[in-house]
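# Tertiary structure, described
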Amino acid sequence: MRPGSPGGSAGGEAFAPGEHYRTAEDGTVVETGHPAVDAVLSSLANAARLAPGEQIAEYEAAHQVLQETLASIDR
């Protein structure tokens, strides 16, 4: 199943069989099961509520965490 495709779980439900992430009703991924990535998703959702000038720091921090997470996979 691809991010944004129908059939993702909603609310606090566990992942459906074969799923590796949980989506909201609008199709956005809200939980991956990886703590660092899930924290980034949460911070990005919160950043959307900030003024545009304040969003930049949140996006830069999210980018850094995702880069570090991906780099750690290669090790």
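Here, residues in each chain are numbered from 1, in the same order as that chain's written sequence. In view of the model being predicted, local features appear only for residues whose pLDDT reaches at least 70, and side-chain atom pairs are presented and counted only at 80 or more, with totals across whole chains, interfaces and linings using the full set of residues. Heavy atoms from the whole structure form the basis of all side-chain values; hydrogens and water molecules are not counted.

Right, let's talk about the side chain of Thr-69 for a bit. The numbering of helices and of strands both runs from the N terminus, where a helix is a DSSP run of H or I of at least 4 residues and a strand a run of E of at least 2. Inspection of the secondary structure assignment puts Thr-69 in helix H2 (residues 52-73). Judged by its relative accessible area of 10%, Thr-69 is buried. Two N or O atoms count as a polar contact when they lie within 3.5 Å, although within protein this holds only if one can serve as hydrogen donor and the other as acceptor, and sequence-adjacent residues are included solely when both atoms are side-chain atoms. Among the polar contacts made by the side chain of Thr-69, one reaches the main-chain carbonyl oxygen of Val-65 at a distance of 2.8 Å. By the convention used here, residues are in contact when the closest approach between their heavy atoms is within 4.5 Å. With residues up to four places along the chain from it excluded, the contact list for Thr-69 reads His-34, Ala-36 and Val-37. Note on classification: 1.4 Å probe, protein chains only; a residue is buried when its accessible area is under 20% of the maximum for its type, exposed when over 50%, partly exposed between these limits.

This brings us to helix H1 (residues 35-47). Given a helix with a known number of residues, its expected span is that number minus one, times 1.5 Å. Here H1 is 13 residues long and its end C-alpha atoms lie 18 Å apart, about the 18 Å a rise of 1.5 Å per residue gives. Among the residues of H1, Asp-38, Val-40, Ser-43 and Ala-47 are the ones counted as buried. Summarising the contacts, the buried residues of H1 are in contact with strand E2 (29-31) and H2.

Below, the discussion takes up H2. With 22 residues, H2 should cover 32 Å at 1.5 Å per step; its first-to-last C-alpha distance of 32 Å lies within 8% of that length. Taken residue by residue, H2 has Gln-55, Ala-62 and Thr-69 as its buried positions. When H2 is viewed along its axis, its buried side chains cluster within an angular range of 55 degrees and face the same direction. Facing away from the buried side of H2 by more than 90 degrees, the exposed set consists of Gly-53 and Glu-60. Against H1 lie the buried residues of H2. Each direction from the helix axis to a C-beta atom contributes to the arc, which is the arc of those directions.

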